[in-house]
Amino acid sequence: MLRTADLSVEKINKLLQDADEFSKGKTLKAKGEIYVSNLFFEDSTRTKTSFDVAERKLGLNVVPFDISASSVNKGESLYDTVKTLKSIGLDLCVIRHKKEKFYDEFKGIDIAIINGGDGTGNHPSQNILDLMTIQQEFGKFKGLKVGIVGDVKHSRVANSNAEVLRKLGAKVYFSGPEQWFDEGTIINGTYLSIDDLVKEVDVVMLLRIQHERHDSDEKLKLSSDKYHRQFGLTTEREKAMKKDAIIMHPAPINRGVEIADELVECKRSRIFKQMENGVFARMAILKTALEAKGFEFE
Ligand code: CP
């Protein structure tokens, strides 16, 4: 699974159904020996750990791979690393890499690849767990209003979520500093001020500022306090939200910047529910990717 946009509505719904069943206690184990590894060339807490848990729940053999102690440090290319792991006997790799569409390099290698995040491109497993969290809450996507707020331009979560939400019939709104928006960025939604957006939407989806992806002219000359006041979800803005609207954030969270500290675990927040759902969404993704390669579960 490489890009959420490549999935048909039927395939998205099947992943959501499988993830929902896993969340309700369904168990499946791999038939025979299946070897998998998680290669994270960029840092991760949630995605790496929840893939690891999901793999173990499905009875897969998880082969540890620590980039910092590997031959990547001797100059081994990404292609050679993956080709090597395939030769050693791995059946599937989950990969996170700063290079957009890194997976295009592997076309000749017969191994299942799951994209754990490619630069500012896509984050498909985050998309599926976000959809799962929204569906649990509202039971539908059609007609739902979702506001995505913050560093949209550099966020692989924002861009892929906006595209898939629109495909499923939701209406997408954006807000945040205008230098992080251009026509290409807002093609899947409508820009509103943060004060208008919080009154309008059913889901407020906040984003972390991706400092590591900014070049010097894109850096905001704003303190954390100023960003919070101008663009963040403050306690006052939370009070203006619709009665049943929820708050989401893919995390990691900068408390007091994109969201007020006391809202992170408030009644409306589904931030830790998203993390819980991440394991079930990733079980569904692993099962689908392995079944496509002819592996079976029982
Ligand atoms: N949301 C997300 O991708 O978190 P990590 O970077 O911790 O995996």
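Residues numbered from 1 in each chain as written. Predicted model: local features only at pLDDT ≥ 70, side-chain atom pairs only at ≥ 80, totals over all residues. Heavy atoms only, no water.

Caption draft 1: Fine view of the pattern of salt bridges. Applying the stated criterion to the full structure yields 21 salt bridges. The salt bridge partner of R255 is D261, with a shortest N-O separation of 2.7 Å. In this structure, a network of salt bridges that share partners links the residues K14, D18, K287 and E291. (Salt bridge = Lys/Arg side-chain N within 4 Å of Asp/Glu carboxyl O.)

Caption draft 2: Broad picture of the sheet that holds strand β2 (residues 61-62). If you trace the four strands from one edge of the open sheet to the other, you get β2-β1-β3-β4, paired in parallel fashion. With partners counted over all chains shown, the strands left at the sheet margins are β2 and β4 (112-118), one partner each. Here strand β3 (residues 92-97) pairs with β4 via five bridges, running parallel. Bridged to C93 within β4 is I113. (Pairing = 2+ DSSP bridges. Helix = DSSP H or I, 4+ residues; strand = E, 2+ residues; numbered from the N terminus.)

Caption draft 3: Here's a closer look at the UniProt feature "domain: Aspartate/ornithine carbamoyltransferase carbamoyl-P binding" (unreviewed entry) in the protein. Here the UniProt-annotated "domain: Aspartate/ornithine carbamoyltransferase carbamoyl-P binding" (unreviewed entry) positions come out as residues 2-136. Span residues 2-136 is 38% helix and 16% strand, its end C-alpha atoms 24 Å apart. (UniProt positions renumbered as here; feature names shortened; annotations may be inferred.)

Caption draft 4: View of the site of the ligand. The local shell around the ligand consists of S44, T45, R46, T47, R96, H123, Q126, P250 and A251. Interatomic distance of 2.9 Å between a side-chain N/O atom of R96 and an oxygen atom of the ligand. In the complex, the protein chains occlude 92% of the 260 Å² of accessible area that the ligand would expose alone. Here the residues of the shell around the ligand sort into two nonpolar, five polar and two charged. (Near = heavy atom within 4 Å. Polar contact = N/O pair within 3.5 Å; in protein donor to acceptor, adjacent residues only side chain to side chain. Areas by Shrake-Rupley, 256 points an atom, 1.4 Å probe, with all protein chains shown as cover. Nonpolar A, V, L, I, M, F, W, Y, C, P; charged D, E, K, R; others polar.)

Caption draft 5: Inspection of the sheet that holds strand β5 (residues 145-149) at higher detail. If you trace the five strands from one edge of the open sheet to the other, you get β7-β6-β5-β8-β9, paired in parallel fashion. The sheet terminates laterally at β7 (190-191) and β9 (246-248), the two strands that pair on one side only. Sheet topology places strand β8 (residues 203-206) next to β9; three bridges connect them, and they run parallel. Within the sheet, the bridge partner assigned to V204 lies in β9 and is I247.

Caption draft 6: Examining the nonpolar core more closely. In terms of nonpolar packing, the biggest core is built from 60 residues, with L92, I128, L131 and I148 touching the most fellow members. Element by element, the count of residues in this core is highest for helix α9 (residues 271-292), at nine residues. Apart from residues lying up to four places away in sequence, L131 is in contact with I12, L16, F141, V164, L165 and L168. Judged by nonpolar contacts, the second largest core, of 19 residues, contains L192, L197, L206 and A245. (Core = buried A, V, L, I, M, F, W, Y, C linked by side-chain atoms within 4.5 Å. Buried < 20%, exposed > 50% of the residue type's maximum accessible area, 1.4 Å probe, protein only. Contact = heavy atoms within 4.5 Å.)

Caption draft 7: Summary view of helix α5 (residues 156-167). With 12 residues, α5 extends 17 Å between its outermost C-alpha atoms, agreeing within 8% with the 16 Å of an ideal straight helix rising 1.5 Å per residue. For α5, the side-chain oxygen to backbone nitrogen distance between the N-cap and V157 is 3.2 Å, and the N-cap itself is S155. Phi turns positive one or two residues past the end of α5, at G169, with a value near 100°. (Expected span 1.5 Å × (residues − 1).)

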